[in-house]
Amino acid sequence: MNTAPKPVLGLFADENEFRDHLTSHLNLIEPELTHLKSEYPLENPNGTGGQIDILAKDSFGHTVCIEIKRSNSSARSTLNQLSKYITLLVEQDRLPKEMIRCFVISTHWEELLLPLSYFASSIGVEVTALHANAINGSLALHAKTLTSLSFLPQLSPDLDFIWFEHEDAQSRYI
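Residues numbered from 1 in each chain as written. Predicted model: local features only at pLDDT ≥ 70, side-chain atom pairs only at ≥ 80, totals over all residues. Heavy atoms only, no water.

Trainee: How should the overall build of the chain be read in this particular structure?
Mentor: If you tally the helices and strands in the chain, you get four helices and six strands. Each helix and strand of the chain, ordered N terminal to C terminal, gives the series α-β-β-β-α-β-α-β-β-α. The C-alpha radius of gyration computed for the chain amounts to 22 Å, which surpasses the reference 16 Å derived for 174 residues by more than 25%, pointing to a less compact arrangement than a globule. Its C-alpha atoms put the chain at 95 × 35 × 30 Å along the principal axes. Looking at the chain as a whole, 38% of its 174 residues qualify as buried. Considering only intrachain contacts with a sequence separation of at least 6, the fraction spanning at least 24 residues in the chain is 57%. In the structure as shown, the chain presents an accessible area of about 10900 Å², 51% of it carried by carbon and sulfur atoms. Taking the 13 positively charged and 22 negatively charged side chains of the chain as two groups, their mean positions are separated by 7 Å. (Helix = DSSP H or I, 4+ residues; strand = E, 2+ residues; numbered from the N terminus. Rg over C-alpha atoms; globule rule 2.2 N^0.38 Å. Buried < 20%, exposed > 50% of the residue type's maximum accessible area, 1.4 Å probe, protein only. Contact = heavy atoms within 4.5 Å. Areas by Shrake-Rupley, 256 points an atom, 1.4 Å probe, with all protein chains shown as cover. Lys, Arg positive; Asp, Glu negative; His and termini not counted. Charge placed at Lys NZ, Arg CZ, Asp CG, Glu CD.)

Spelled out as structure tokens, the structure:
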């Protein structure tokens, strides 16, 4: 019997099967995650809602949003979804943003890494990137280092301008 290879990493028939496997093996993402719901629905009174692929809790009580992607073409939709989900969790579910964490698990990172790095630097919640691949017929997840962005606002010391009428007053101040 000749079966066609499975399109997602050679292991899964589709993103749903991939999600279900991760749901059953949350320890691959992080130890001690507790599954709350797959396809967690979020209503949006100002537009379309959405569904978080996997909603979980970590050992410290943080709400963990897990988004799964399997193509380079999904970079834009990933950031749109995460922005919407975090906003709805804060506004409607009344979660403090400091209590929300996000994991993005993707099979491809060429188009997603840079925009996700910017998103993570600006959103105010912890974002972790994980690269999914198959090793010896099993799913493996490896942390991706988000790109450091130098143009974002940085903390710096205060800068004060002091005007002195005379040089001797400046010398005394120094």
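Trainee: Even after reading the chapter, I still don't get the side chain of aspartate 53, so can you show me in this structure?
Mentor: When you line up the elements, aspartate 53 lands in strand E2 (residues 50-57). No salt bridge is formed by the buried aspartate 53, whose closest oppositely charged neighbour, lysine 69, lies at an N-O distance of 4.9 Å. In contact with aspartate 53, other than residues within four places in its own chain, are Glu15, Arg19, Lys37, Ser38, Glu39, Ile66, Glu67 and Ile68. (Salt bridge = Lys/Arg side-chain N within 4 Å of Asp/Glu carboxyl O.)

Trainee: Got a minute to help me understand the pairing of strand E5 (residues 126-135) in this structure?
Mentor: With six bridges joining them, strand E4 (residues 100-106) and E5 adopt parallel strand pairing. Within E5, the position partnered with isoleucine 105 by the bridge is leucine 130. In this fold, the crossover linking E4 to E5 by way of helix H3 (residues 113-123) has right-handed handedness. Inspection of the sheet shows E5 paired to strand E6 (residues 138-144) by seven bridges, in the antiparallel sense. Directly across from asparagine 133, in E6, lies its bridge partner alanine 140. If you look at the hairpin formed by E5 and E6, you'll find two residues sitting between the two strands, and asparagine 136 has a positive phi there, around 50 degrees. (Pairing = 2+ DSSP bridges. Right-handed = clockwise from strand over helix to strand, strands pointing away.)

Trainee: Sorry, what's going on with helix H1 (residues 15-24) here?
Mentor: Every α-helix carries 3.6 residues per turn, so stepping three or four residues along brings you back to the same face. Those residues of H1 lying buried are Phe18, Arg19, Leu22 and Thr23. Projected down its long axis, H1 shows its buried positions confined to an angular sector of 140 degrees, all on one face. Looking at the packing, one finds that the buried side of H1 touches strand E1 (34-42), E2, strand E3 (63-69), E4, E5 and E6. One side-chain oxygen at the N-terminal end of H1 lies 3.1 Å from the backbone nitrogen of asparagine 16; it belongs to aspartate 14. (Arc of directions from axis to C-beta. Polar contact = N/O pair within 3.5 Å; in protein donor to acceptor, adjacent residues only side chain to side chain.)

Trainee: Can you help me understand the sheet that holds E4 in this one?
Mentor: The pairing of strands in a sheet comes from backbone hydrogen bonds and takes either a parallel or an antiparallel form. What the six strands build is an open sheet, ordered E1-E2-E3-E4-E5-E6; its pairing is mixed. Only two strands of the sheet have a single neighbouring strand rather than two, namely E1 and E6. Sheet twist, expressed as the mean angle between neighbouring strand axes with direction ignored, is 30 degrees. (Axes fitted to C-alpha atoms, helices over the stretch in contact; angles between N-to-C directions.)

Trainee: Hey, could you run me through the state of the cysteines in this one?
Mentor: Working definition: the covalent bond between the sulfur atoms of two cysteines is a disulfide. By the definition in use, this model includes zero disulfides. Between cysteine 65, a free cysteine, and cysteine 102, which holds the nearest cysteine sulfur, the sulfur-to-sulfur gap is 4.6 Å. (Disulfide = S-S within 2.5 Å.)

What is shown is where atoms sit, not what they do.
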